[in-house]
Amino acid sequence: MHLRVNGLSGFVCSLSRATSCSIAEVKSGIQSLTGIPCIQQKVVCDDRELEDEELLESLVPDNSMEVERSLELVLLRIDPARAEALHAVRCNGLCLETLPEELRGDRDIVLAAVKNTGFAVIHAHPELRSDREIALASVSDRGFVLRYLEDSLKADRGVVLAAVGNDGFALRHASDGLRADREVALRAVRTNGSAVQYVGNCLAQDREIALAAVSSSGAALRYVAPVFRRDRDVVLAAVRSCGQALKFIEDERLREDPEVALAAVRSDFTAFQHVPFQLKTDRTIALAAVKQSARIFKSLPETVKSDREVALAAVQNDGFLLNLITQELQHDRDIVLAAVSNSAVLGYACVEMQEDREVVLAAVRHEGTMLQYSSGKLKSDAEVVLTAVKHNGFAVVYADGKLRCCREVMLEAVRNSGSVLQWAPEELKMDLQVALAAVASNPAATKFVSEELKKKRKFWLAALRQNIGVTEFLPKKLRRDQGELGQGLRKLSAEAYKKLDAEKQQLEAKLQSAQGSPKASKQLPEVLGKVQLALAQGKKQVSDLRTTVAAEIQQVLPQVLHEVMQSKAAELKKLLDAGAQEWKEKYSIECDRRRKLHNLVQELKGNIRVYCRVRPMTDAEAAQGCCIAFPAPDEIQISNPDLGLKKSWQFNEIYRQNSQQEDLFSGIRDLVVSMLDGYNVCMFAYGQTGSGKTFSMQGSKENPGVYTRTFSELFKVAKERIGWKIELKGACVEIYNEEIRDLLLGPNDKKQKLQVRQGKEGNFVPGLTMQTVHNVEEVEMLLNTAQMNRTVAATDMNLHSSRSHLAVQILGTMTNPDGKQFSSAITLVDLAGSERLAKSGVSGDRAKEAIAINKSLSALGDVIAARAQKNAHTPYRNSILTHFLQDSLGGDSKTLMLLQINPCASHVEESMCSLTFGARVNAVEMKKS
Ligand code: ADP
Ligand code: MG
C-alpha cells in the first residue's frame, strides 16, 4: 500500500479487507485514526474527487488482488498542518495570530477563527478583510471589530446592522450614511443605550430613539439632547432602567421630583446617595431603599432612622441592625422580634426584651444557642428550652441545671446532636432510650454512654438492629459472640467491592471525557493507552478477586455461623482473622492502584484549577442590566459599555446564575478523594463583597455550601474505606490585619499570639486549637462555635467578615490496611472582599485593613503563579495568609480558585478585576500542557 500520508497505512490495510465501504466511511475512519476531528478531507481518484455516497466496491471491481492495486489510486489529500490549524482556531480563534502567513490567508481557517472569536479578524490576511461573509461572522460575534474592516463594509447595511445588534457602540465605526439611518440607530441604542452619542446629527431630536436609549441603559441620559434631559418621561425611563442615572439629571425640578427619586431608588438602592438632601427625609423613599438593602439604613438621616416602619424593615432585612436603631425603638417588641427571627442577635437586645418570653422563643427558634442570652427565669422554662434544643441540641448547656436533668429535654437535645450526651447526668447516660437516640444521631456519642449500659448486650443489639454504625465501638468480648457481626462483615465486604468497581467505572468515564478536552488531547494518546491498559487489568483483577472472595465467603460463612451456635468462639475468631488478613492485603493493592489512577485523572485536569460562579441578580440589579454573557460553555464574557469594551475568558468550569450548590460541589467532590489519598487540597472563594463567596462556601442550613458538603463527603468516603484508619482534626482561623485568630477559643479563653513556624514535617502554628472530629455533626458544631466566636468579637459582622479571611482546615491522618501512613489537609477559605478600597480619603484602621487585604490577596496570586511556572522561589512569606497555607499550596497539592462574580452592570469594573486575577492563575497553568 503506498499511501502518501503518514500514519494512515494501518487504516487502509484494514480497508482493503472490507467488502463494502463508502467514501464517507473512509473519511470518518481516517478521522478516528488521526484523532483530528472535523477536518475537511478529500478522497481523490484519477484526479476526480469522490462523492461521499460512492462505494469503494465500485472502484475496485472485485474483492481480489485487484483491490490492493486499485487502492493505490485512492490518494488522500490531507495537509496535517492545515488540519491542525483548523482545529486550533475552532477552539480558540485568536490562535490565528500564531499561524504562518499562507494559513492566515486560508478562507476556511479564517472563517472558523472569526466564528469562534470575531476579534480574530484582525489577524487575517489583509486580502480577506474585505470578504463579506467573514466580516458578517466577525461582527456578529464582536460588534466592535467593525472598526478594523474595510470602508466598503462599514457602509454595508447588513454588516452594520449585525454589528450594532451585537454591540451598540459599533455604531461609532459605521459610515456617516448609516449612522443617520433610523433603523440602524434604533437597533444600536436598543443594544446599548449609550450608543446614542454616535447617532447622526439629523437623529438627535428623535424622541423615540432617545426613549429607547435611556430605557436600555439609564446612563445614556448623559448623551441625549438637552431637551430630552428636561423631559419627565425620558428621565423616568432612565432612572427606572438604571437608578444611578439620577446623578445625570441636570434639571433642578426633576431632581427634586419625589417620583423620580423613588423610581431610581427602587431600581437601584445605591442611587440613594444621589437623592437630594431634602428628599432623603422622605420615608417612602427611605423605606424603598432599606427594603432592598439593609445597609442603606446607616446612611439615613436621624429623623428617618427613628421612624418605626423604616427600622422594622431594616431589621427584617438584617437583624444585626438592631444595634444601630434608636434606644427607644430597641424597646419595641415587634422590632426586636423581627430582628431575632432574622439573625442571632438576642445578645444585642435590651434586658427587658431578653426577659420577654415571646422574643426569646422567636430567638431560640432561629438559633437555639441564643438561649444563653435569655434571662435566668426563661432558662428554666421548659417550652423555651425544648424549642432551643430542638433547633440546636448544643443549647442544652445553657439551660437551667434542673432542666438539663429532665429526660424529655435531654432526649430532644441528643436527637438533634448526639454528642451533648456528655452533659447529661449519670442516670440519663444509663437510660437506654436516651443513649440510643444519642448514638443514632451521632455514633461517636457512644463514648459518653454510661459504662454500665455499655456492658449490656441489649444496648448493642438494639443499636445494631436499628442499623446504627456502632460496630467499631463494640467491646471485644461482645464481638466474638455476635452472629450478627458475621453478617455485617459479609455485607461490608460486598459493599466494598461494589464501590471499588463503581469507582473504576467512573474513572474510566472521566478519562473518556478528559480525552475530549482540547487541553489534554496532546498528551493523551500515550497516557491514555497506559491508563486504559492499567484499568483493564485492574478491572479484571477486581472481578477475579470478587469471584474468589465471594466463593470463599460463601463456603466459610455457613460453617462459621454454625460454629458460633456451638460457641466455638476461639476458632471463629481465628477464621475471621485469617480471612480478613488475606482480604485486607488484596484490598490494599487495589486501593493503591485506585489512588494512583485517581491522581492521574486529577493531574490531567490540572493541579491548579479556576472555576467561576456568577450569582443571580436581585430584581433591582436586573433593572440596571447585566454585564456578563456566556459565548461558550467554558467561556465568560464581560462588556463594559462605558469603555465600549468586551472581553472573554476561559476557565475550567463556569457556573452560571441558575447553578445550584450541588452543581458546584460536583466539580469539587473529586478533591475530597485526593485529600484522603494524601494530597493537600486548598480551595479559595475570591471576589468582591456581595459576589456570593459566603453563599458558595457556607450556604444556609437549608441549602448548605461547600463546607458542609465537603465534610459530609469526607466522612462518607472515609467510612467506605474499610480496613483504613482515618483520624480527622479540625481548626478554624480568621486572618485579619496580618494576624491569625483562633476561632475555636471563646471570649473568655486565654489567647496567645499565633505565628507560623517551620517544623520537621512542614509548617505549623504552635498553640492553635485542633479539635478531633468524628462526624459531620461535630464539624458543624465546630463551625458553629467558630461563627459564634467571630460574631461576638465583631461590632458589625457584615463589615468585619468582608475584611478578613476565614479558613476552615481539616487535617487527616490515614493508615491503610498495610499500616502505611499518609497525612494531608483540606483547607477551605472564604477570602476577604477583593474590592479595591478607596485609595484616598481613608486613614487609620480602614487604611490598615485595606493594606493588609491587598497585600495578602496579591501574595496569593503571586504564589500560585510562581508555583504554576515552577519558579525556583515561591514567595510564601510575603503574607500571613500564604505563609499559613504554605504546605497546602506547595508540592503536588491541588488548588482550586473559585471566582465569584456579581453580574450586575454597575459592578463591571470589579468583575473585570476578579476575572483578570483568575485568568492570571489559569493562564500559567495552561502553558504547562
Ligand atoms: P460575599 O460573601 O461574597 O460578600 P454573599 O455570599 O454574602 O457575598 O452574597 C451576597 C448576597 O447574594 C447574599 O444575600 C446571598 O444570599 C446572595 N447570593 C449569593 N450567591 C447566590 C446564589 N448563587 N444564589 C442565590 N443567592 C445568592
Ligand atoms: Mg462573605
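Residues numbered from 1 in each chain as written. Chains lettered and ligands numbered in written order. Predicted model: local features only at pLDDT ≥ 70, side-chain atom pairs only at ≥ 80, totals over all residues. Heavy atoms only, no water.

The protein appears in an unreviewed UniProt entry as Kinesin-like protein from Effrenium voratum. What UniProt states about the protein under its Sequence similarities (unreviewed entry) heading is, verbatim, "Belongs to the TRAFAC class myosin-kinesin ATPase superfamily. Kinesin family." (UniProt positions renumbered as here; feature names shortened; annotations may be inferred.)

Caption draft 1: Structural context of the overall build of the protein. For the protein, the helix and strand inventory stands at 49 helices and 17 strands. Every one of the 929 residues in the protein was classed for burial, and the buried ones make up 53%. Restricting to contacts in the protein with at least 6 residues of sequence separation, those with at least 24 account for 59%. Counting every atom, the protein has about 43100 Å² of accessible surface; 50% of that belongs to carbon and sulfur. (Helix = DSSP H or I, 4+ residues; strand = E, 2+ residues; numbered from the N terminus. Buried < 20%, exposed > 50% of the residue type's maximum accessible area, 1.4 Å probe, protein only. Contact = heavy atoms within 4.5 Å. Areas by Shrake-Rupley, 256 points an atom, 1.4 Å probe, with all protein chains shown as cover.)

Caption draft 2: The sheet that holds strand 6 (residues 635-640), seen in detail. The strand order across the open sheet built from 3 strands is 5-6-7, with neighbouring strands paired in antiparallel fashion. Among the strands making up the open sheet, the edge pair consists of strand 5 (628-632) and strand 7 (645-650). Going across the sheet, the axis of each strand differs from the next one's by a mean of 30 degrees, ignoring polarity. Alignment of strand 5 against strand 6, held across 3 bridges, turns out to be antiparallel. Paired with A629 across the strands is Q637, a residue of strand 6. (Pairing = 2+ DSSP bridges. Axes fitted to C-alpha atoms, helices over the stretch in contact; angles between N-to-C directions.)

Caption draft 3: Inspection of the packing of helix 29 (residues 407-416) against helix 31 (residues 432-441) at higher detail. Packing of helix 29 against helix 31 leaves a shortest axis separation of 7 Å and a crossing angle of 20 degrees. Judged by the angle between their axes, helix 29 and helix 31 are roughly parallel. Crossing hand, helix 29 versus helix 31: left-handed. Residues R407, M410, L411, V414, R415 and N416 of helix 29 form the contact with helix 31, whose participating residues are Q433, V434, A437, A438 and S441. Counted by class, the contact of helix 29 with helix 31 contains 6 nonpolar, 3 polar and 2 charged residues. (Parallel < 35°, antiparallel > 145°, perpendicular 65-115°, else oblique. Left-handed = near helix turned anticlockwise from the far one by under 90°. Nonpolar A, V, L, I, M, F, W, Y, C, P; charged D, E, K, R; others polar.)

Caption draft 4: The arrangement of the site of ligand 1 in detail. Around ligand 1 lies a shell formed by R613, R615, P616, Q688, T689, G690, S691, G692, K693, T694 and F695. F695 is positioned such that a nitrogen or oxygen atom in its backbone is 2.7 Å from an oxygen atom of ligand 1. Broken down by element, the residue count for the shell around ligand 1 peaks at 3 residues, all from helix 42 (residues 693-697). In terms of residue class, the shell around ligand 1 is built from 2 nonpolar, 6 polar and 3 charged. (Near = heavy atom within 4 Å. Polar contact = N/O pair within 3.5 Å; in protein donor to acceptor, adjacent residues only side chain to side chain.)

Caption draft 5: Spotlight on helix 15 (residues 232-241). With respect to burial, helix 15 is a largely interior element, 7 of its 10 residues being buried. Within the sequence span of helix 15, burial applies to V234, V235, L236, A237, A238, V239 and S241. On its buried side, helix 15 packs onto helix 13 (207-216), helix 14 (226-229), helix 16 (252-255), helix 17 (258-267) and helix 39 (619-624). Its side-chain oxygen at 3.0 Å from the backbone nitrogen of D233, D231 defines the N-terminal cap of helix 15.

Caption draft 6: Broad picture of unusual backbone geometry. Phi is positive for N737, close to 50 degrees, though the residue is something other than glycine. Within the chain, E738 stands out as a residue other than glycine whose phi angle is a positive 60 degrees. One can find E738 in the loop between strand 10 (725-736) and strand 11 (739-742).

Caption draft 7: Looking closely at helix 17. Summarising burial for helix 17: 7 of the 10 residues are buried, a large majority. Taken together, the buried positions of helix 17 are occupied by V260, A261, L262, A263, A264, V265 and S267. The secondary structure elements touched by the buried residues of helix 17 are helix 15, helix 16, helix 18 (277-280), helix 19 (283-292) and helix 39. For helix 17, the capping residue at the N-terminal end is D257, with a side-chain oxygen 2.9 Å from the backbone nitrogen of E259.

Caption draft 8: Seen up close, empty space enclosed by the protein. Going through the model one piece at a time under the given rule, you end up with 3 cavities of 30 Å³ or more. There is about 40 Å³ of room inside the second largest cavity. Lining of the second largest cavity is provided by I735, Y736, N737, E738, R803, H805, A852, I853 and S856. Taken together, the elements giving at least two residues each to the lining of the second largest cavity come down to strand 10 and helix 46 (844-868). Top contributing element to the lining of the second largest cavity by residue count: helix 46, with 3 residues. Residues that form the lining of the second largest cavity fall into these classes: 4 nonpolar, 3 polar and 2 charged. (1 Å grid on protein atoms, 1.4 Å probe; cavity = no way out; pocket = protein on both sides within 12 Å on 5 of 7 lines; lining within 4 Å. Points joined across faces, edges and corners; volume = space filled by probe spheres on them.)

Caption draft 9: Inspection of the pairing of strand 17 (residues 894-901) at higher detail. For strand 17, the buried fraction is high: 8 of the 8 residues fall into the buried class. Judged by which residues are buried, strand 17 turns out to be covered on both faces: K894, L896, L898 and Q900 on one side and T895, M897, L899 and I901 on the other are all buried. Two strands pair when backbone bridges link them, and strand 4 (residues 608-614) and strand 17 are joined in this way by 7 bridges, in the parallel orientation. Looking at strand 17, one finds that V614 is bridged to I901.

Caption draft 10: Spatial organisation of the packing of aromatic side chains. This structure, assessed with the given rule, holds 9 aromatic pairs. With a centroid separation of 4.1 Å and an interplanar angle of 10 degrees, the aromatic rings of Y686 and F917 are classed as stacked. Here F917 lies in helix 49 (residues 908-927) and Y686 lies in strand 9 (residues 681-686), a separation of 231 residues in the sequence. An angle of 15 degrees between the planes, with centres 6.2 Å apart, marks the rings of W724 and F822 as stacked. Residue W724 is found in the loop between helix 43 (706-720) and strand 10, and its partner F822 is found in strand 16 (residues 821-830); the two are separated by 98 residues along the sequence. With a relative accessible area of 13%, W724 lands in the buried category. Among the residues examined, F822 registers a relative accessible area of 12% and is labelled buried. Every member of this aromatic cluster is reached through a ring pair, and the members are F119, F144 and Y148. The cationic tip of R721 hangs over the ring face of W724; the distance from NZ or CZ to the ring centre is 5.0 Å. (Phe/Tyr/Trp six-rings, centres within 6.5 Å; stacked < 30°, edge-to-face > 60°. Lys NZ or Arg CZ within 6 Å of the ring centre and 35° of its normal.)

Caption draft 11: Main features of the nonpolar core. One finds L96, L146, L221, V239, L300 and M410 to be the most contacted residues of the largest nonpolar core, which totals 156 residues. Residues within four places of M410 in sequence aside, it is in contact with V396, R404, V420, W423, A424, L428 and V434. With 47 residues, the next largest nonpolar core counts F630, I853, L899 and M912 among its residues. (Core = buried A, V, L, I, M, F, W, Y, C linked by side-chain atoms within 4.5 Å.)

Caption draft 12: Summary view of the pattern of salt bridges. Following the criterion strictly, the structure yields 38 salt bridges and no others. Where R142 meets E635, a salt bridge forms, and the shortest distance between an N and an O atom there is 3.7 Å. Placement of the pair is R142 in the loop between helix 8 (132-141) and helix 9 (151-154) and E635 in strand 6, with a sequence separation of 493 residues. R142 gets classed as buried once you look at its relative accessible area, which sits at 5%. Residue classification places E635 among the buried residues on the basis of a relative accessible area of 6%. One salt bridge in this structure joins E621 and R615, with 3.0 Å as the shortest N-O distance. Look at R615 and you get buried, because its relative accessible area is 19%. Taken together, the shared-partner salt bridges connect R107, D131 and E133 into one network. (Salt bridge = Lys/Arg side-chain N within 4 Å of Asp/Glu carboxyl O.)

Caption draft 13: Spatial organisation of the state of the cysteines. Across all of its chains, the model carries 0 disulfides by this definition. Looking at the unpaired C242, the closest cysteine sulfur is the one in C904, lying at 8.4 Å. (Disulfide = S-S within 2.5 Å.)

Caption draft 14: Expanded view of the packing of helix 17 against helix 19. Here helix 17 crosses helix 19 at 5 degrees, and the two axes come no closer than 9 Å. If you check the angle between helix 17 and helix 19, you find them roughly parallel. Where helix 17 abuts helix 19, its residues P258, A261, L262, V265 and R266 lie against T284, I285, A288, A289 and Q292. Its residues placed into classes, the contact of helix 17 with helix 19 shows 7 nonpolar, 2 polar and 1 charged.

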